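Architecture and fold: a report
Now for the letters of each chain:
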Amino acid sequence: MDASRTQGSATGQEERDVLFARLFGLTSVIQSGLITRQTPLPSSASSSATPSDAATFAAIVDHLLALADSKSWLREGAWWGLALAVDGLGAAANLPWQEEALATIIETLYVTNKQWIPEKIALTVKLQKLSPNADWKKLLSPTLKHPEILASGNFVPLARILKDIGMDEDEGVDSKSTAGSWTPTVPFVWDIVLDQMLSPSDAGKSSNRSFPEFFRILVDESLFAIAASPERKYWGFQIFRKSLFRASAADMPMLFTKNFMRTWINHLSNSDRYLHKAAKQVANDILVLVKQNPKLAFTLILQLTGVNGSHQFDRLTKTKTVETILTSMDVDGIQSYLDYLLQQVNENDGSTDDISAINARRLWIVDQMAALLRNGAIPKTGPWVQQVLDWLVTHGLFTVRKKSAKSNLVALHTVPSPVFSDDLHKSCRLRLLSCLADLTSHASVIQVDDKSVKVTGTASDGELWISKCLATIEQLADDADHVKWFADIDKEDLAQRRSAIQLVRRLHQIWGDKEDLARGTELLLAASIVRQCCSSDEDGEGEDSDALEDCTDAARRLFPEKKKKKASSSETDSHAEPIDVLIDIVIRFLEAGTNFMRSVANQTFTLLSGSLEAGSIDLIVAQLASPDPAELAADSDDDMDEDTEAGEDAKESDNESGDDEDSDDDGEIEDDPLLRAAIEEALSVNGIKASEGDSDDDSDEEFMDDEQMMAIDDQLAAVFKARADERGGRGKSFGFANREATHFKNRVLDLVDLYLKKHSSSEFAIRFLSPLAELITGSGTDEKQLIDKATGILRSRLGKSKETPAIIDKEDAVAILEDLHVRARTAVSSEILATLSACSLYLCRALLQSDAKQKVVDTYRESLKDFMTRKASRLNNHFFQDSFRKCPAVGWEVRSALLELGGKAVNGYRKAQAYQLLQVVMNQLSTLHVDDTEILAFMPSLSTSIEEILTTACEDGSLTAPQAREVLRLAQSAARHTKRVASTIEEVSSVWQPTRWQGLARKLSSSDSLKSSTGLQNMCKQVAQLGEAGTATDKKTQESSKRKIDVSEDDIVASKPTKRKKTKKAQKTKA
């Protein structure tokens, strides 16, 4: 204490350092246990060896209280040290002066000092445990009425104390002036109080305590009050987070109080809110808690969507809190939540007169049920899935008029009061289709022959979800006593539905080789029934009345009943193939564009893809063709409003206006009766009558002032704008139709992708090449998504396919290959050219296996001619290199064409590329079974061609040095291969005449453009030596000569570091 005395001349910083030193010293003594030590310390010359006593403990308490009173920023730290001292006093066993010390500290805190601060509450909680027999009623009065500090009767004054009211705005003090006294860290008293209130092991917990009241008064109505400052609300969020992990399952709902939920939602909804990050931390803590204990998920959802929360919690807060909590729930939790939702359908919450509120609540329930099924993270197991579907079917398609308590359908257990509105019935139908769409795309694991198999669109028992819905519809349709159809249905339609449902049942019993075909037909037929049941004029589903009839007819012809006779050949010929009819219905489903129909179409096509025929493929390919623009907008024009049509018919051109101002508009202003009537109406509303006749009498003319002119201006502007929109309607309808056509093609491409994914080696796979190539080469810039998807299909499904498709019609396949090459010659980008090259290779492999090599060679020969002789050709060297490497037989067959076309190339660059392609062909000879005589027959023409092109380059400089080097490398490679296949050295010399190549070397040395590249001359000499050397003993000499000849001028310069390396080595040796 002597070392930490403050001096009068000390600066503020020095005084601060000394006070902190004293506080740290006292805290260290307390934490070391010296103040409660009962045995002497070992003797020391610099310290007392006597044990601690009550007087020493009282002195430390006095010093800490003095520190707390000296500076406000030392108060909490000093009281925290005092709390440690009390804890040490209570932990000391058999301390003889314990009672004396407790009496001293109680006397000091409650008799000598009557002021209450938050830290004093923490000490009171601890002291009441250590000294329960003290007269606490007298000690706590008059501030607190109840002797137990945390009793319910003390909550109101405790709230004011814990709120630190002396610094708060409620006392009329400007919050800005006291901002420095506030710290973001919650006072430690809250940890002590919360541990006391929420501790499950507190055996002495008084019946006077009530945590719900505690949290409501001390936190919700204090820190989260409407008038509370942001600093106090921040404390409130931190206290909520501390309570969240301490509260039991029973106390958890008590945390989500009214003011807290209002403040939390408000600050969580917008990132610009002052406490948005603090509110976000609360949401994250809730998700962490649910992950640790999933059983709390249902309780938390009830609070977030309950009375103090909002049914639209996620939408209001722009988060996925409720949705994420739902994914953490197990099957039992989901079932509990579903039961809670169903209880609210007819819940009487005192707002029975407010029909709109009831409808809003029921709509929220419908949305919540649909959200459960749409959430992919929630497992679709257990009876709750079927329960949701049954409820949506009941209230979407039927009206409950009498309850049936014994029914297995929960929706029939009560009669809705008031009855469901038409909008609610429609919402149930729409959510039913949405849920079925998600379930149709959802994969479930089922057991088949003791094996786990993943199947899409089915329940765990192997039955389609849509078929389960049909069973519920059939059950309700037969229960006329309790329900009735929501919409009137013709007897013929009802009979058709019943017949189709029976057919669905029969299809479900088919297994074996036709299982996939039967499942796909069952799914499409069941979806057609459900679609017809859910469709109406008000829903805008665009029902296709013939879809169900066509699907039923096709299913019966695909799977005829055994009892019935087989249809005659004439009757069969009069109908399209059943599989073609089903694919046509799939395409119609895609054209509708709803999520339900798209999911059904994709899944059905996946099941039917193995049974497709040529006509089915033609139907799909036809959808990818670009429609005529006039036809594209025809449907949109037919749907235009009748009033617009009438207005167009009423237009009459007036070419005799005689008005100079009108003549400036190129005759586009017309005398439109509808426009005139609209203008006259706008004028009459403002008290202006239209002129009648051509009277020149201006005596009765009324003039408008500025205010009247401004009042009529907006109305006239609206009239002209409406007319302009009407005139532009045709163009807009065309644009809309064009976008719809693009979206439809995207959906069709999904079918193509599904087919090629499973059947890339099918005989029909090549039929998709031309349509997809047309998409990537003929689509506009506004159809980039379409181009990207088609490109991806061609590259991943066909270009990278290791399987070879079967070829049935060779002529058709050759025509497709020629079409690909024609498109490649005018490709607008290298990416498109690479895609077409991959497709060409895919088809080339198939044609070669079908003995159509000559057709492939002819096609590549024409492309080579275009590449070499047409400067604007978009082909490149890689297009041919890939083909020659993967189909070397084609490259060998076009070798002569390469020589011929190389001489006719439009420039030196194309000439050099021709010989590069020949180099690729030569490298692939080892993989071909080509007769040696055939190779030797080709080499003279190759040698002559190379010599001629290099001679010409020496004269006119048509080749650069790098291009000439590539040509000579081909000569070297060909010469070596000639030597390898020739039987005598004379044959090699006759092909590669050494004297001619030595003469070429001399020409290169005298060429103005190539003489500087001495490496070219050396390469010519090497070719000449290959023709001269013939014995085995000369091979080493050849190789040595080759290494020397290949050294160019750059190689000579690069050889200098070797000499330096030897020098360094020599220096090291000397050292």
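Everything quoted here is computed from the prediction, not taken from an experiment.

The rules behind each value
- Residues numbered from 1 in each chain as written.
- Predicted model: local features only at pLDDT ≥ 70, side-chain atom pairs only at ≥ 80, totals over all residues.
- Heavy atoms only, no water.
- Helix = DSSP H or I, 4+ residues; strand = E, 2+ residues; numbered from the N terminus.
- Buried < 20%, exposed > 50% of the residue type's maximum accessible area, 1.4 Å probe, protein only.
- Contact = heavy atoms within 4.5 Å.
- Areas by Shrake-Rupley, 256 points an atom, 1.4 Å probe, with all protein chains shown as cover.
- Patch = residues over 30% accessible without salt bridge, like charges linked within 9 Å, V, L, I, M, F, W, Y side chains within 5 Å.
- Salt bridge = Lys/Arg side-chain N within 4 Å of Asp/Glu carboxyl O.
- Lys, Arg positive; Asp, Glu negative; His and termini not counted.
- Charge placed at Lys NZ, Arg CZ, Asp CG, Glu CD.
- Core = buried A, V, L, I, M, F, W, Y, C linked by side-chain atoms within 4.5 Å.
- 1 Å grid on protein atoms, 1.4 Å probe; cavity = no way out; pocket = protein on both sides within 12 Å on 5 of 7 lines; lining within 4 Å.
- Points joined across faces, edges and corners; volume = space filled by probe spheres on them.
- Nonpolar A, V, L, I, M, F, W, Y, C, P; charged D, E, K, R; others polar.
- Phe/Tyr/Trp six-rings, centres within 6.5 Å; stacked < 30°, edge-to-face > 60°.
- Lys NZ or Arg CZ within 6 Å of the ring centre and 35° of its normal.
- Expected span 1.5 Å × (residues − 1).
- Pairing = 2+ DSSP bridges.
- Disulfide = S-S within 2.5 Å.
- Axes fitted to C-alpha atoms, helices over the stretch in contact; angles between N-to-C directions.
- Parallel < 35°, antiparallel > 145°, perpendicular 65-115°, else oblique.
- Left-handed = near helix turned anticlockwise from the far one by under 90°.

Quick word on the overall build of the chain
Helices and strands together make up the secondary structure of the chain, namely 51 helices and four strands. Counting only residues that meet the buried cut, the chain has 45% of its 1071 residues in that class. Contacts in the chain between residues far apart in sequence, at least 24 positions, make up 70% of those at least 6 positions apart. Of the roughly 55300 Å² that the chain leaves accessible, carbon and sulfur atoms contribute 49%.

A word on a negative patch on the surface
On the surface, Asp488, Asp490, Glu492 and Asp493 cluster together into a patch of negative charge. Here Asp488 lies in the loop between β4 (483–485) and α21 (491–508).

Some remarks on the nonpolar core
Most often, soluble globular proteins keep nonpolar side chains buried together rather than apart. Ranked by internal contacts, the top residues of the largest apolar core, which has 292 residues, are Phe256, Trp264 and Trp997. No other element matches helix α22 (residues 515–534), which puts 11 residues into this core.

Quick notes on empty space enclosed by the protein
Scanning all chains against the criterion turns up three cavities of 30 Å³ or more. Ile473, Glu474, Ala477, Trp485, Leu494, Arg497, Arg498, Ile501, Ile529 and Cys533 together form the lining of the second largest cavity. With four residues, α21 is the single largest residue contributor to the lining of the second largest cavity. Counted by class, the lining of the second largest cavity contains seven nonpolar, no polar and three charged residues.

So, unusual backbone geometry
With an omega dihedral of 5°, the bond running from Ser141 to Pro142 counts as a cis peptide bond. Of note in the backbone geometry, Lys318 takes a positive phi value of approximately 55° without being a glycine. We note that Asp851 has phi near 60°; this positive angle belongs to a residue other than glycine. Along the chain, Asp851 turns up in the loop between α38 (830–849) and α39 (853–869).

Focus on the pattern of salt bridges
Tallying each qualifying case throughout the model produces 30 salt bridges. The shortest N-O distance in the salt bridge between Arg216 and Glu213 comes to 2.4 Å. Here Arg216 and its partner Glu213 are both found in helix α9 (residues 211–220), three residues apart, which amounts to about one turn of the helix. Classification of Glu213 by relative accessible area gives partly exposed; the value is 31%.

A word on the packing of aromatic side chains
The final tally for this structure, using the stated rule, is 30 aromatic pairs. Relative to Phe260, the ring of Phe224 lies with its centre 5.4 Å away and its plane at 70°, an arrangement referred to as edge-to-face. Here Phe260 lies in helix α11 (residues 258–268) and Phe224 lies in the loop between α9 and α10 (230–244), a separation of 36 residues in the sequence. Note on Phe260: relative accessible area 0%, which makes it buried. Members of the aromatic cluster, joined through ring pairs, are Phe224, Phe237, Phe240, Phe256, Phe260, Trp264 and Phe313. Above the face of the Trp511 ring, Arg519 is positioned so that its terminal group lies 5.0 Å from the ring centre. The aromatic ring of Phe938 is capped on one face by Arg895, whose charged end is 5.6 Å from the ring centroid.

A word on helix α25 (residues 578–592)
Counted at 1.5 Å a residue, the expected span for α25 with its 15 residues is 21 Å, and the 21 Å between its end C-alpha atoms agrees. Burial runs high along α25: 11 of the 15 residues are buried. For α25, the set of buried residues is Pro578, Ile579, Asp580, Val581, Leu582, Ile583, Ile585, Val586, Ile587, Phe589 and Leu590. Backbone geometry just after α25 places Gly593 at a positive phi near 85°.

Section: the pairing of strand β3 (residues 451–456)
Burial within β3 is sparse, with just zero of its six residues counted as buried. As judged from the six bridges shared by strand β2 (residues 443–448) and β3, these two strands associate in the antiparallel manner. By the bridge assignment for β3, Ala443 is matched with Thr456. Linking β2 back to β3 in an antiparallel pair, the connection comprises two residues, with Asp449 at a positive phi of about 55°.

Some words on the state of the cysteines
Enumeration according to the criterion identifies zero disulfides in this entry. With no disulfide partner, Cys887 has as its closest neighbouring cysteine sulfur the one in Cys844, 3.8 Å distant.

Side note on the environment of Ser926
Here Ser926 lies in the loop between α43 (908–923) and α44 (932–956). C-alpha of Ser926 to C-alpha of Pro888: the two residues are 38 residues apart in sequence and 9.9 Å apart in space.

Details of the packing of helix α8 (residues 189–198) against α9
Packing of α8 against α9 leaves a shortest axis separation of 10 Å and a crossing angle of 155°. In terms of their interaxial angle, α8 and α9 are classed as roughly antiparallel. When you trace α8 past α9, the crossing you get is left-handed. Facing α8, whose interface residues are Trp190, Val193, Leu194, Met197 and Leu198, α9 presents Phe211, Phe214, Leu218 and Val219.

Some thoughts on the side chain of Thr124
Within the secondary structure, Thr124 sits in helix α5 (residues 118–130). On the accessibility criterion, Thr124 (0% relative accessible area) is buried. Sequence-distant contacts of Thr124, that is, excluding residues within four places in its chain, are made with Tyr110, Trp116, Trp136, Leu140 and Ile149.

Observations regarding the packing of α43 against α44
Taken N-terminus to C-terminus, the directions of α43 and α44 make an angle of 150°; their axes are 12 Å apart at the nearest point. Considered as vectors, α43 and α44 are oriented roughly antiparallel to each other. Once α43 is placed against α44, the crossing between them reads as left-handed. Residues Lys911, Tyr915, Leu918 and Met922 of α43 touch α44, and the partners they reach there are Phe938, Met939, Leu942, Ser945, Ile946 and Ile949. Taken together, the residues that form the contact of α43 with α44 break down as eight nonpolar, one polar and one charged.

Regarding the environment of Phe256
Turning to its location among the elements, Phe256 is positioned in the loop between α10 and α11. C-alpha of Phe256 to C-alpha of Asp220: the two residues are 36 residues apart in sequence and 9.1 Å apart in space. Not counting chain neighbours up to four residues away, the residues in contact with Phe256 comprise Phe240, Met261, Trp264, Ile286, Leu300, Gln303, Leu304 and Asn308.

Quick notes on the side chain of Ser599
Here Ser599 is to be found in helix α26 (residues 595–608). Judged by its relative accessible area of 10%, Ser599 falls in the buried class. Setting aside residues no more than four positions away along its own chain, Ser599 makes contact with Ala437, Thr440 and Ser441.

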